[in-house]
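Letter by letter, the chains look like this.
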Amino acid sequence: MNAYEGNAYEEILVENAERVTTITLNRPERLNAWTPRMADEVRHAVGVAGHDPDIRCIVVTGAGRGFCAGAEVQNLEITASRGKTRGEEVLHPDDIAFENVTAETGAPDLDGLYPGRFGYLYDCPKPVIAAINGPCAGIGLVFTLYCDFRFAAADAKFTTAFAARGLIAEHGSAWLLPRLVGEQTALDLMLTARKFTGEEAARLGLVNATCAGEDLMDVVRERAAHLAVMSSPRSMAVMKRQIRAARQQAFADALTVADDAMHASFGSADFREGVASLVERRTPAFPDL
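Residues numbered from 1 in each chain as written. Predicted model: local features only at pLDDT ≥ 70, side-chain atom pairs only at ≥ 80, totals over all residues. Heavy atoms only, no water.

Visitor: Mind showing me how you'd approach the packing of aromatic side chains here?
Guide: With the rule as written, the count across this model stands at seven aromatic pairs. Centroid distance Phe-158 to Phe-196: 5.4 Å. Interplanar angle 15°. Geometry classified as stacked. Here the residue Phe-158 occupies a position in strand β7 (residues 157-159), and Phe-196 occupies one in strand β8 (residues 196-197), the gap between them amounting to 38 residues. Accessibility assignment for this pair places Phe-158 and Phe-196 in one class, buried. Members of the aromatic cluster, connected to one another through ring pairs, are Trp-34, Phe-118, Tyr-122, Phe-143 and Tyr-146. (Phe/Tyr/Trp six-rings, centres within 6.5 Å; stacked < 30°, edge-to-face > 60°. Helix = DSSP H or I, 4+ residues; strand = E, 2+ residues; numbered from the N terminus. Buried < 20%, exposed > 50% of the residue type's maximum accessible area, 1.4 Å probe, protein only.)

Visitor: How do you make sense of the sheet that holds strand β3 (residues 57-62) when you look at a structure like this?
Guide: Each strand in a sheet pairs with its neighbour through backbone hydrogen bonds, running either in the same direction (parallel) or in the opposite one (antiparallel). Strand order in the open sheet made by the six strands is β1-β2-β3-β4-β6-β9, with mixed pairing throughout. Of all strands in the sheet, those with a lone pairing partner are β1 (12-17) and β9 (209-211), marking the two edges. For this sheet, the mean angle separating the axes of adjacent strands, direction not counted, is 20°. Two strands pair when backbone bridges link them, and β3 and strand β4 (residues 128-132) are joined in this way by four bridges, in the parallel orientation. Opposite Val-59, over in β4, you have Ile-129 as the bridge partner. (Pairing = 2+ DSSP bridges. Axes fitted to C-alpha atoms, helices over the stretch in contact; angles between N-to-C directions.)

Visitor: What should I look at first to understand the nonpolar core in this one?
Guide: The nonpolar side chains of a soluble globular protein tend to be buried, and buried together. If you look at the biggest cluster of nonpolar residues, it comprises 49 residues, and the most contacted ones within it are Ile-12, Trp-34, Val-42, Phe-118, Phe-143, Phe-158 and Leu-206. Among the elements that make up this core, the one with the highest residue count is helix α1 (residues 36-50) (six residues). Beyond its immediate sequence surroundings of up to four residues, Phe-118 is in contact with Trp-34, Ile-139, Val-142, Phe-143, Tyr-146 and His-171. Residues Val-20, Val-59, Ile-129 and Phe-151 belong to the second largest nonpolar core, which totals 15 residues. (Core = buried A, V, L, I, M, F, W, Y, C linked by side-chain atoms within 4.5 Å. Contact = heavy atoms within 4.5 Å.)

Visitor: What is the right way to look at helix α9 (residues 233-246) in this model?
Guide: Residues three or four positions apart in an α-helix share a direction because the helix packs 3.6 residues into each turn. For α9, spanning 14 residues, the distance from its first C-alpha to its last is 20 Å, which sits close to the expected 20 Å at 1.5 Å a residue. Within the span of α9, buried status applies to Pro-233, Met-236, Ala-237, Lys-240, Arg-244 and Ala-245. For α9, the arc enclosing every buried residue in end-on projection is 155°, short of the 170-degree limit, so these residues lie on one face. Packed against the buried residues of α9 are α3 (119-123), β4, α8 (216-230) and α11 (269-279). (Expected span 1.5 Å × (residues − 1). Arc of directions from axis to C-beta.)

Visitor: Sorry, what's going on with unusual backbone geometry here?
Guide: Among all residues except glycine, the phi angle is most often negative; among peptide bonds, the trans geometry is most common. Backbone geometry places Leu-31, a non-glycine residue, at a positive phi of 50°. Relative to the elements of secondary structure, Leu-31 occurs in the loop between β2 (20-25) and α1. A positive phi is found at His-171, a non-glycine position, where the angle reads about 55°. Note on placement: His-171 falls in the loop between β7 and α5 (173-181).

Visitor: How should I be thinking about the packing of α5 against helix α6 (residues 183-192) in this particular structure?
Guide: To characterise two packed helices, one gives the angle between the axes of the helices and the distance between these axes. Here α5 crosses α6 at 125°, and the two axes come no closer than 7 Å. On the basis of the axis angle, α5 is oblique to α6. Every pair of crossing elements has a handedness; the one defined by α5 and α6 is right-handed. On α6, the residues touching Ser-173, Leu-177, Pro-178 and Val-181 of α5 are Glu-183, Thr-185, Ala-186, Leu-189 and Met-190. (Parallel < 35°, antiparallel > 145°, perpendicular 65-115°, else oblique. Left-handed = near helix turned anticlockwise from the far one by under 90°.)

Visitor: Even after reading the chapter, I still don't get the pairing of β2, so can you show me in this structure?
Guide: Two faces, one strand: in a regular strand the side chains alternate between the faces of the sheet. The element β2 is largely enclosed, with a buried count of six among its six residues. Of the two faces of β2, the one carrying Val-20, Thr-22 and Thr-24 and the one carrying Thr-21, Ile-23 and Leu-25 are both buried. Of the pairings in the sheet, the one linking β1 to β2 comprises six bridges and is antiparallel in character. If you follow Ala-17 over to β2, its bridge partner there is Val-20. The sheet contact formed by β2 and β3 spans six bridges and is parallel. Counted as the bridge partner of Leu-25 is Gly-62 from β3. After leaving β2, the chain enters α1 and then returns to the sheet as β3, a path that is right-handed. (Right-handed = clockwise from strand over helix to strand, strands pointing away.)

Visitor: Before we go on, may I ask you to explain a nonpolar patch on the surface in this structure?
Guide: The grouping of Met-262, Phe-266, Phe-271, Val-275, Leu-278 and Val-279 at the surface amounts to a nonpolar patch, some 600 Å² of accessible area in total. Contributions of two or more residues to the nonpolar patch are made by α10 (251-266) and α11. For the nonpolar patch, the element with the most residues is α11, which contributes four residues. Topologically, Phe-271 is positioned in helix α11. Classification of Phe-271 as partly exposed rests on a relative accessible area of 38%. (Patch = residues over 30% accessible without salt bridge, like charges linked within 9 Å, V, L, I, M, F, W, Y side chains within 5 Å. Areas by Shrake-Rupley, 256 points an atom, 1.4 Å probe, with all protein chains shown as cover. Salt bridge = Lys/Arg side-chain N within 4 Å of Asp/Glu carboxyl O.)

Right, here's the structure in full:
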């Protein structure tokens, strides 16, 4: 257990095992409703895992019976009465006190090419899996849109929630959701704010797959273990950036980027190990990122 696990955070739990970091939103009595502190702690934990060479994959899930029920109602009430967010009360990562935080092990800034509240998930070089174990609403749903994989309990309840609260599609969700499910379906989910299950989310292409709730973490751990062992960390980091950057590139530019990256791959230790493990018919031992 390292300095960031166990009780080092107030609103999340962090566990490292078998080269996978599992971040658990930990306000189960509130269905893990999102708060400014939770936002900063999740960002910090992803930053640490993203820059830890021993970690190959990140899983985010919720404690208890929910994933994240959206923004904390008390915060919504205060915002509604003020007519603006409590921006001055949102914690800065530097304001969170953690033991043994250094330049090497602290929370690196992962903004990079991707601005906004959750852009750091796109810029994180490690794959991020959302294990949606229960209610997933509002900002909780938006958070999952930035994850690389989404697995859900079949009976988990989803809702965008915004239209029912007099709000709009926040934090880039109007850009992201249509790219996952299509414009017509995105309009349906956003404008109606209707509730739908994990099974429907899978049919719509919003999540990769569903399973019984009691099996969810086993399914997610299996996927995480595969990524941690069978996939080159370097390849995953490069491909994440390729895929997200390609959304803003002309096809010819994406081809040029791919050609340059492929030439660089030919000289990498990952490529040599990938070929050697194939020829020798063994599990690859890719170098750390």
